[in-house]
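Survey of secondary and tertiary structure
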Amino acid sequence: KEGIIRMFKFGDVARHGQSLFNHSAVPFRGGISVLELRLDGFSSLRSVATWGSKAQATTLLLRTHGTALRINMEAAVGAWLTVTILDANGQPLPGLSADQCVQLGGNLLDAEVVWRQDKGARSLGTVTEPFRLQFFMNGAVNLYSFRFSV
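Residues numbered from 1 in each chain as written. Predicted model: local features only at pLDDT ≥ 70, side-chain atom pairs only at ≥ 80, totals over all residues. Heavy atoms only, no water.

Here's the deal with the layout of surface pockets
Taken as a whole, the largest pocket spans an internal volume of roughly 160 Å³. As for the largest pocket, its lining consists of twelve residues, of which Leu-39, Asp-40, Asn-72, Leu-109 and Asp-110 are closest to the centre. Residues of the lining of the largest pocket, tallied by class, amount to four nonpolar, three polar and five charged. (1 Å grid on protein atoms, 1.4 Å probe; cavity = no way out; pocket = protein on both sides within 12 Å on 5 of 7 lines; lining within 4 Å. Points joined across faces, edges and corners; volume = space filled by probe spheres on them. Nonpolar A, V, L, I, M, F, W, Y, C, P; charged D, E, K, R; others polar.)

Dropping the structure here:
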């Protein structure tokens, strides 16, 4: 499955230094397990998990050569995330406000954030000056990571 990190482990009831196959000791009762972790899912920025709750988070000043903002997130049913791009003074860049952002919901490993325009939608595009990302979360949302791509 794409977006999943799998780890295999072996476990048993023997103690360290005790032979696993010493039948005079504890009978063998062990097994192999598979652990699955979400890609980049070790930690998240999590909003309060109540219906209709709202949260927001703002990054420090960023710079990028990328032209698209990509998100790894998970939202409960009916919950969503939007993004505003702020200039260094904290003002939304034209066309890149949360009101214009297409709401992101569900289980998304690598979704592109887009903003509505008069004729369709647009991605981040080229931002030459330092900027901040401001995330708005409505309902139970886990934001695992974001990145910029070309």
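Remarks on the confidence of the model for the protein chain
On average, residues of the protein chain score 84 in pLDDT, and 83% of them are at 70 or above. No element of the protein chain has a lower mean pLDDT than strand E2 (residues 31-38), at 78, and none a higher one than strand E6 (residues 80-86), at 96. (pLDDT = per-residue confidence, 0-100. Helix = DSSP H or I, 4+ residues; strand = E, 2+ residues; numbered from the N terminus.)

Describing the nonpolar core
Formed by 22 residues in total, the largest nonpolar core has its most connected members in Ile-71, Met-73, Leu-81, Val-83, Ile-85, Val-113 and Trp-115. Mapped by element, the contributors of at least two residues to this core are strand E5 (68-75), E6, strand E10 (132-138) and strand E11 (141-149). Of the residues forming this core, the biggest block, four residues, is contributed by E5. Discounting chain neighbours no more than four positions away, the residues touching Val-83 are Leu-69, Leu-96, Ser-97, Ala-98, Cys-101, Val-113, Trp-115, Leu-133, Gln-134 and Phe-135. (Core = buried A, V, L, I, M, F, W, Y, C linked by side-chain atoms within 4.5 Å. Buried < 20%, exposed > 50% of the residue type's maximum accessible area, 1.4 Å probe, protein only. Contact = heavy atoms within 4.5 Å.)

Let's talk about the packing of aromatic side chains
Applying the stated rule across the entire model yields three aromatic pairs. Consider the rings of Phe-131 and Phe-148, whose centres lie 5.8 Å apart with planes at 85 degrees: the pair is edge-to-face. One end of the pair, Phe-131, is in the loop between strand E9 (120-122) and E10; the other, Phe-148, is in strand E11, with 17 residues separating them in the sequence. Phe-148 gets classed as partly exposed once you look at its relative accessible area, which sits at 22%. Ring geometry for Phe-146 versus Phe-148: centroids 6.2 Å apart, planes at 80 degrees, classification edge-to-face. With a relative accessible area of 32%, Phe-146 lands in the partly exposed category. Three or more aromatic residues joined by ring pairs make a cluster, and in this case those are Phe-131, Phe-135, Phe-146 and Phe-148. (Phe/Tyr/Trp six-rings, centres within 6.5 Å; stacked < 30°, edge-to-face > 60°.)

Brief notes about the sheet that holds E11
A sheet is described by the order of its strands in space; here four strands give the open sequence E3-E11-E5-E7, paired in antiparallel fashion. What marks the edges here is a single partner per strand, and that holds for strand E3 (45-46) and strand E7 (107-112). Judged from the four bridges that link them, E5 and E7 form a sheet pairing that is antiparallel. Each residue of the ladder has a partner; that of Glu-74, found in E7, is Asn-107. (Pairing = 2+ DSSP bridges.)

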